[in-house]
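Structural characterization, general
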Amino acid sequence: MSTVRLSSEPIQPGALLAGFCQGREETGAVVSFTGLARGEKGAVTALELDAYPGFTDAAIHEHAKTAKTRFELQDVLIVHRIGRIAPGEPIVFVAAAAAHRRAAFDGADFLMDYLKSRAPFWKKSHEADGARWIEPTARDYEDAARWDTPMRKDAE
Amino acid sequence: MRVLLFGALGDLAGWREQMLDPAPETLFALRDRLTRDDAALGAALRGRGVQAAVDKVVVRGDAALSSASEVAFLPPMSGG
């Protein structure tokens, strides 16, 4: 099972994690990641995330399925904010459940690298002197490329 | 038909959603139609990395459209 949600309402990471951990007698490991909108020392007044409902969530869902197969995850939960997000607010929550911790860590890491660089969002940064659309950084692309080849499991 | 613009394309055009009736018969015809209304948007739709999706599926090249089609123009994606 994997669940993907786009939310225009604030994300409550604690409640999401508590809910995700319930009823898991065979899980063993849950890794969660919460990304917060960064204020860049006051330079950024808000982030605005544009998404295409029905397309963006479907693309993320496909990637969650890939992650589940690749890392033998039992379950994935991804909640992504859309719309206007103030500095300090959670922008993304990812949780991965697996029988053992390494799979859960790797699965969550893999999903986040995808979400940061390749997921179909359009991100606008509102700053003191105006707003600009931003693209993934070189670092985001490098992080995502770590998973391309060779597969980590194959390299073991 | 429904036409959607995302990200910077919406800001450039000044709209994010438009209903077109009658619908152009093909994706290329739709793009030409939008270009006639707004040359700057037309150039942006042909820009590097801009993709089109018909009924939420990315298409390459031209595609047939109908009055029930939903066409979205997607600028390069930023990630979340």
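In what follows, the structure referred to is the one given above.
Here the residue numbers are simple positions, counted from 1 along each chain's written sequence. The lettering of chains begins at A and the numbering of ligands begins at 1, in the order of writing. Only residues with pLDDT of 70 or above have their local features reported here, since the model is predicted, and side-chain atom pairs are shown and tallied only from 80 upward, although totals for entire chains, interfaces and linings are computed over all residues. Hydrogens are left out, water is left out, and the side-chain values use all remaining heavy atoms of the structure.

Remarks on the packing of aromatic side chains
Residue and element names in this part refer to chain A. Just so we agree on the cut-off: Any pair of Phe, Tyr and Trp rings, taking the six-membered ring for Trp, is counted once the centres come within 6.5 Å. Such a pair is stacked with planes under 30 degrees apart, edge-to-face with planes over 60 apart, and tilted for the rest. In this text, helices come from DSSP runs of H or I with a minimum length of four residues, and strands from runs of E with a minimum of two, each type numbered from the N-terminal end. Working definition: with a 1.4 Å probe on protein chains only, accessible area under 20% of the residue-type maximum means buried, over 50% means exposed, and in between means partly exposed. Think of it as a cone above the ring: NZ of Lys or CZ of Arg counts as a charge over the ring if it is within 6 Å of the ring centre and within 35 degrees of the ring normal.
Counting across every chain of the model gives six aromatic pairs over all chains. Aromatic side chains F71 and W147 sit 5.7 Å apart centroid to centroid with 90° between the ring planes, which places their arrangement in the edge-to-face category. Of this pair, F71 sits in helix α2 (residues 56-71) while W147 sits in the loop between α4 (138-145) and α5 (152-155); the two residues are 76 residues apart in sequence, bridging distant segments of the chain. The same class applies to F71 and to W147, which are both buried. The ring of F20 has R24 lying over it, and the distance from NZ or CZ to the ring centre is 4.4 Å.

Structural notes on the nonpolar core
A general tendency of soluble globular proteins is for nonpolar side chains to be buried together. Rules: Buried residues of nine kinds, namely Ala, Val, Leu, Ile, Met, Phe, Trp, Tyr and Cys, make up a nonpolar core once their side-chain atoms join them within 4.5 Å. Two residues form a contact once any of their heavy atoms are found within 4.5 Å.
Counting residues in hydrophobic clusters, the biggest one holds 32 residues, and the most contacted among them are A:I60, A:L73, A:I78, A:V94, A:L111, A:L115 and A:F121. At seven residues, the largest contribution of residues to this core is made by helix α3 (residues 101-117) of chain A. Residues in contact with A:V94, not counting those within four places in the same chain, are A:V31, A:S32, A:F33, A:L77, A:I78, A:A108, A:L111, A:M112 and A:L115. Grouped together as the second largest cluster of nonpolar side chains are 18 residues, B:L20, B:L34, B:L45 and B:V71 included.

What to know about the interface of chain A and chain B
Heads up, the rule is: As a working definition, buried area equals the accessible area (1.4 Å probe) given up by two parts on being put together, with both sides summed. What counts as a salt bridge is simple: a side-chain nitrogen of Lys or Arg found within 4 Å of a carboxyl oxygen of Asp or Glu. As used in this structure description, the phrase polar contact means that two N or O atoms lie within 3.5 Å; if the pair is within protein, one of them must be able to donate a hydrogen and the other to accept it, and residues adjacent in sequence are counted only when both atoms belong to side chains.
Every contact between the two is made by 22 residues of chain A and, on the other side, 18 residues of chain B. Here chain A and chain B share an interface that buries about 1,600 Å² over both sides, 60% of which is from carbon and sulfur atoms. It is A:Y52, A:F55 and A:W122 that lose the most area in chain A upon contact with chain B, and together they represent 42% of the buried surface on that side. Summed over the shared surface of chain A and chain B, the result is two salt bridges. A salt bridge links B:R16 to A:D50; its shortest N-O distance comes to 2.6 Å. Our enumeration of links across chain A and chain B arrives at 13 residue pairs in polar contact (both at pLDDT 80 or more). Elements that contribute at least two residues to the side of chain A that touches chain B include exactly β3 (44-51), α3, β7 (121-127) and β8 (130-134) of chain A.

A short note on the layout of surface pockets
Let me state the cut-off plainly: Lining residues are defined by having an atom within 4 Å of a point belonging to a cavity or pocket. Those points lie on a 1 Å grid over the protein atoms alone, cavities being sets where a 1.4 Å probe fits but cannot get out and pockets being open sets with protein on both sides within 12 Å along at least five of seven lines. Grid points are joined across faces, edges and corners, and a volume is the space filled by probe spheres set on the points. Basically, the charged four are Asp, Glu, Lys and Arg, the nonpolar ten are Ala, Val, Leu, Ile, Met, Phe, Trp, Tyr, Cys and Pro, and anything else, Gly included, counts as polar.
The calculated volume of the largest pocket comes to roughly 680 Å³. Along its surface, the largest pocket is lined by 29 residues, and A:R38, A:K116, A:K123, A:D140 and B:G80 are the ones closest to its centre. Among the elements of the structure, β2 (29-36), β3, β6 (90-98), α3, β7, β8 and α4 of chain A are those that each provide at least two residues to the lining of the largest pocket. Among the residues making up the lining of the largest pocket, the classes are represented as 12 nonpolar, six polar and 11 charged.

Remember that the coordinates give geometry; whether it matters functionally is a separate question.
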